[in-house]
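Residue-level listing of the chains:
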Amino acid sequence: MANTSSFSSSPSTKFNFDEKPHVLAVDDNLIDRKVIERLFINSTCKVTTAENGKRALEYLGLADGQHPNHNDLKVNLIITDYSMPGMTGYELLKRIKESPTMKEIPVVVVSSENIPTRINQCMEGGAQEFLLKPLQLSDATKLRCHIKKPLQGGFAGEDDHA
């Protein structure tokens, strides 16, 4: 069955966004999106998925011609696949880090390929982590410490570094 929606949210959307961290999972592979969704729902997070970088940018209000309204959108962590058609995870990372309203959101890049130059490029580009697929529950637990909590229009994490 084809997914006709650009974005999909976990069933946990009935909860207050301020109480549950919100994770945006970006991957062109439906199975990988579902794995991320399940891992983070088990970690009591709200999860929204996008099937590619363009859809993620639209969701974040960063697509060409859009003006982001960060006060309405509370994403605490973005997890993106590196290899996607149209826009790589690195290109998505760069667009997020160039945005004054989104640059503080931690971005984690995941890939099934262990390519050191790719890993270094993403880390130097501002990625919080680079993880190899398949993701495990221990990865979700590890990433919870990177989830930023929104505070009065900005972001404050457990380890704020200037």
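On a predicted model such as this, the values are computed, not experimentally measured, just so you know. (Residues numbered from 1 in each chain as written. Predicted model: local features only at pLDDT ≥ 70, side-chain atom pairs only at ≥ 80, totals over all residues. Heavy atoms only, no water.)

A.B. asks: So what exactly am I meant to see when it comes to the UniProt feature "modified residue: 4-aspartylphosphate" (unreviewed entry) in the protein chain here?
C.D. replies: On the UniProt side, "modified residue: 4-aspartylphosphate" (unreviewed entry) is annotated at positions that read Asp81 here. Looking at the element boundaries, Asp81 is found in strand S4 (residues 77–81). (UniProt positions renumbered as here; feature names shortened; annotations may be inferred. Helix = DSSP H or I, 4+ residues; strand = E, 2+ residues; numbered from the N terminus.)

A.B. asks: So what exactly am I meant to see when it comes to the side chain of His22 here?
C.D. replies: In this structure, His22 sits in strand S2 (residues 22–26). Of the polar contacts made by the side chain of His22, one reaches the side chain of Thr48; its length is 2.7 Å. Here the side chain of His22 touches Lys74 through a polar contact of 2.9 Å, landing on its backbone oxygen. (Polar contact = N/O pair within 3.5 Å; in protein donor to acceptor, adjacent residues only side chain to side chain.)

A.B. asks: How do you make sense of the pairing of strand S6 (residues 129–132) when you look at a structure like this?
C.D. replies: Looking down a regular strand, the side chains alternate between one sheet face and the other. Inspection of the sheet shows strand S5 (residues 107–111) paired to S6 by four bridges, in the parallel sense. Counted as the bridge partner of Val108 is Glu129 from S6. What joins S5 to S6 is helix H4 (residues 116–124), and the crossover it makes is right-handed. (Pairing = 2+ DSSP bridges. Right-handed = clockwise from strand over helix to strand, strands pointing away.)

A.B. asks: Can you walk me through the pattern of salt bridges in this structure?
C.D. replies: Counted by the stated rule, this structure contains nine salt bridges. A salt bridge links Glu37 to Lys34; its shortest N-O distance comes to 3.4 Å. Here Lys34 and Glu37 lie together in helix H1 (residues 30–41), a separation of three residues that amounts to about one turn. Judged by relative accessible area, Lys34 falls into the partly exposed class, the value being 40%. One salt bridge connects Arg95 with Asp64, and the closest N-O pair in it is separated by 3.5 Å. A residue pair is termed long-range when its members are at least 10 positions apart, and Arg95 in helix H3 (residues 89–98) and Asp64 in the loop between helix H2 (53–60) and S4 qualify at 31 residues. Taking relative accessible area as the criterion, Arg95 reaches 26% and is therefore assigned partly exposed. On the basis of relative accessibility, which here comes to 73%, the residue Asp64 falls in the exposed class. If you follow the salt bridges from partner to partner, you end up with Asp27, Asp32, Asp81 and Lys133 in one network. (Salt bridge = Lys/Arg side-chain N within 4 Å of Asp/Glu carboxyl O. Buried < 20%, exposed > 50% of the residue type's maximum accessible area, 1.4 Å probe, protein only.)

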